Amino acid sequence: PGETQQSGAPAKLYKTNVIGTKSNYRGNSNVVSTGYTDYKGREVKFIPEAAADFKRMIVAMEADGIKFDSKFLTNVYRDEAEYMRLVKEGYTPASGGPHNHGLGFDCSSVGKDRIFNDWVRRRGGEFGFYPHDYHGTHGGHFEYTGVYK
């Protein structure tokens, strides 16, 4: 097992089952379903701690009056097959990025579906999810760094 450190909040290390393959994909097989899906019907998966905190986050969001909708999520966990599909379609996904390790998700940053993005920006840190806006980003990438008490 390797360790992955994420940015956006105080550093916290997560034990991961790092997978290395001929395709240059580096990822984590220690992911679990949250019971939610993204806009394409793909399971939303994270490392176990992030999955539990994501579910808690959705409950809190719904308590604030925003009903979760799969269309909010545009990109979630990437296994090697998803990584290779993106490469074949001409995209350049990070070979070892947070999506591959069950630590990242993307959500809509435009139109009426931006409501989820805005809520996670305001309150996601309470659940360990922080925006990670880097040069050239779409404004809807979040990474799990854990909950600090």
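Residues numbered from 1 in each chain as written. Predicted model: local features only at pLDDT ≥ 70, side-chain atom pairs only at ≥ 80, totals over all residues. Heavy atoms only, no water.

The helix and strand tally for the protein stands at three helices and 10 strands. Shown N-terminal to C-terminal, the secondary structure of the protein runs as helices and strands in the order β-β-β-β-β-β-α-β-α-β-α-β-β. Burial analysis of the protein (149 residues in total) assigns 45% to the buried set. For the protein, restricting intrachain contacts to residue pairs at least 6 apart in sequence, the fraction spanning at least 24 positions comes to 56%. Accessible surface computed for the protein: about 7,500 Å², of which carbon and sulfur atoms make up 52%. (Helix = DSSP H or I, 4+ residues; strand = E, 2+ residues; numbered from the N terminus. Buried < 20%, exposed > 50% of the residue type's maximum accessible area, 1.4 Å probe, protein only. Contact = heavy atoms within 4.5 Å. Areas by Shrake-Rupley, 256 points an atom, 1.4 Å probe, with all protein chains shown as cover.)

It is worth spelling out the confidence of the model for the protein at this point. Scored by pLDDT, the protein comes out at a mean of 85, with 83% of its residues at no less than 70. In this model residues 1-16 is a low-confidence stretch, pLDDT under 50, and it forms 48 contacts with partners more than four residues away in sequence or in other chains. (pLDDT = per-residue confidence, 0-100.)

Now for the side chain of Asn 100. With respect to the element layout, Asn 100 can be found in the loop between helix 2 (80-88) and strand 8 (104-107). By relative accessible area, which is 0% here, Asn 100 ends up buried. Polar side-chain contacts of Asn 100 include one of 3.2 Å to the backbone oxygen of Arg 26. Once residues within four sequence positions are removed from consideration, Asn 100 is found in contact with Tyr 25, Arg 26, Gly 27, Asn 28, Tyr 77, Arg 78, Tyr 83, Ala 94 and Ser 95. (Polar contact = N/O pair within 3.5 Å; in protein donor to acceptor, adjacent residues only side chain to side chain.)

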